[in-house]
Amino acid sequence: MNRDPRSFGAIIRHPSALIPLAMSLIALALLLVPMAIYGPPVREPDEGALAHLWQILMAGQLPVLAFFAIRWLPRAPRPALGVLALQAGAVLASMAPVFYFNL
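Criteria and thresholds
Residues numbered from 1 in each chain as written. Predicted model: local features only at pLDDT ≥ 70, side-chain atom pairs only at ≥ 80, totals over all residues. Heavy atoms only, no water. Helix = DSSP H or I, 4+ residues; strand = E, 2+ residues; numbered from the N terminus. Rg over C-alpha atoms; globule rule 2.2 N^0.38 Å. Buried < 20%, exposed > 50% of the residue type's maximum accessible area, 1.4 Å probe, protein only. Contact = heavy atoms within 4.5 Å. Expected span 1.5 Å × (residues − 1). Axes fitted to C-alpha atoms, helices over the stretch in contact; angles between N-to-C directions. Parallel < 35°, antiparallel > 145°, perpendicular 65-115°, else oblique. Core = buried A, V, L, I, M, F, W, Y, C linked by side-chain atoms within 4.5 Å.

Engineer: Residues and numbers for the overall build of the protein, please.
Structural biologist: Scanning the protein from terminus to terminus reveals four helices and zero strands. In terms of overall dimensions, the protein is more spread out than a globule: its C-alpha atoms have a radius of gyration of 16 Å, far above the 13 Å expected for 103 residues. In terms of its C-alpha atoms, the protein occupies a principal-axis envelope of roughly 50 × 25 × 20 Å. Looking at the protein as a whole, 29% of its 103 residues qualify as buried. Put simply, 74% of the contacts in the protein that link residues at least 6 apart link residues at least 24 apart.

As structure tokens, this is what we get:
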């Protein structure tokens, strides 16, 4: 087991790395759970509370991502880029249903 405090495993455990991942996964769940229960959404004039929560979660993680990048990229560039790539994947996974279903 790698005990280097600047390893990927050590960096991913920091709140500045976990919070954006959790926010993206919660945003994805906000989209997928109602779709699994009620089926694909129909287009409505008002977006609704879930859409607003999704937008807040997606925009709210940007300052945390910026903090993470500023703090960890100079200290441990390679593991930090791995964490940022994981976070980017989570963001894209959360955005995929929005684009696919044209929400």
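Read on for the rest.
Engineer: Pulling in residues and values, what's your account of helix α2 (residues 15–38)?
Structural biologist: Taking 1.5 Å of rise per residue, the 24 residues of α2 would be expected to cover 34 Å, and the 34 Å separating its terminal C-alpha atoms lies within 8% of that figure. Residues of α2 that are buried: S16, A17, P20, L21, M23, S24, A27, L28, L31 and M35. Looking at the buried positions of α2, the neighbouring elements they touch are α1 (8–12), α3 (49–72) and α4 (77–100). Downstream of α2 by a residue or two, G39 has a phi angle that is positive, lying close to 90 degrees.

Engineer: Hey, could you go over the environment of G89 for me, with residue numbers and the actual values?
Structural biologist: For G89, the position within the fold is in helix α4. The exposure class assigned to G89 is partly exposed, which follows from its relative accessible area of 36%.

Engineer: Report on the environment of F101, specifying residues and quantitative values.
Structural biologist: Turning to its location among the elements, F101 is positioned in the segment after α4. Here the alpha-carbon distance between F101 and F68, two residues 33 residues apart in the chain, equals 31 Å. Beyond its immediate chain neighbours, meaning those up to four positions away, F101 contacts M35 and P40.

Engineer: Break down the packing of α3 against α4 for me, citing the residues and quoting the values.
Structural biologist: Where α3 contacts α4, the axes come no closer than 11 Å and their chain directions differ by 170 degrees. Judged by the inter-axis angle, α3 sits roughly antiparallel to α4. Contacts from W54, M58, Q61, L65, F68, A69 and W72 in α3 reach P77, A80, V83, L84, Q87, V91, S94, M95 and V98 in α4.

Engineer: Go over the nonpolar core with me, naming the residues and quoting the values.
Structural biologist: One recurring pattern in soluble globular proteins: nonpolar side chains tend to sit buried together. I11, I12, A17, L21, F68, W72, A76, A80, V83 and A90 together form the largest nonpolar core, which totals 10 residues. Elements with a contribution of two residues or more to this core: α1, α2, α3 and α4. At three residues, the largest contribution of residues to this core is made by α4. Counting nine residues, the second largest nonpolar core, distinct from the first, contains M23, A27, W54 and M58.

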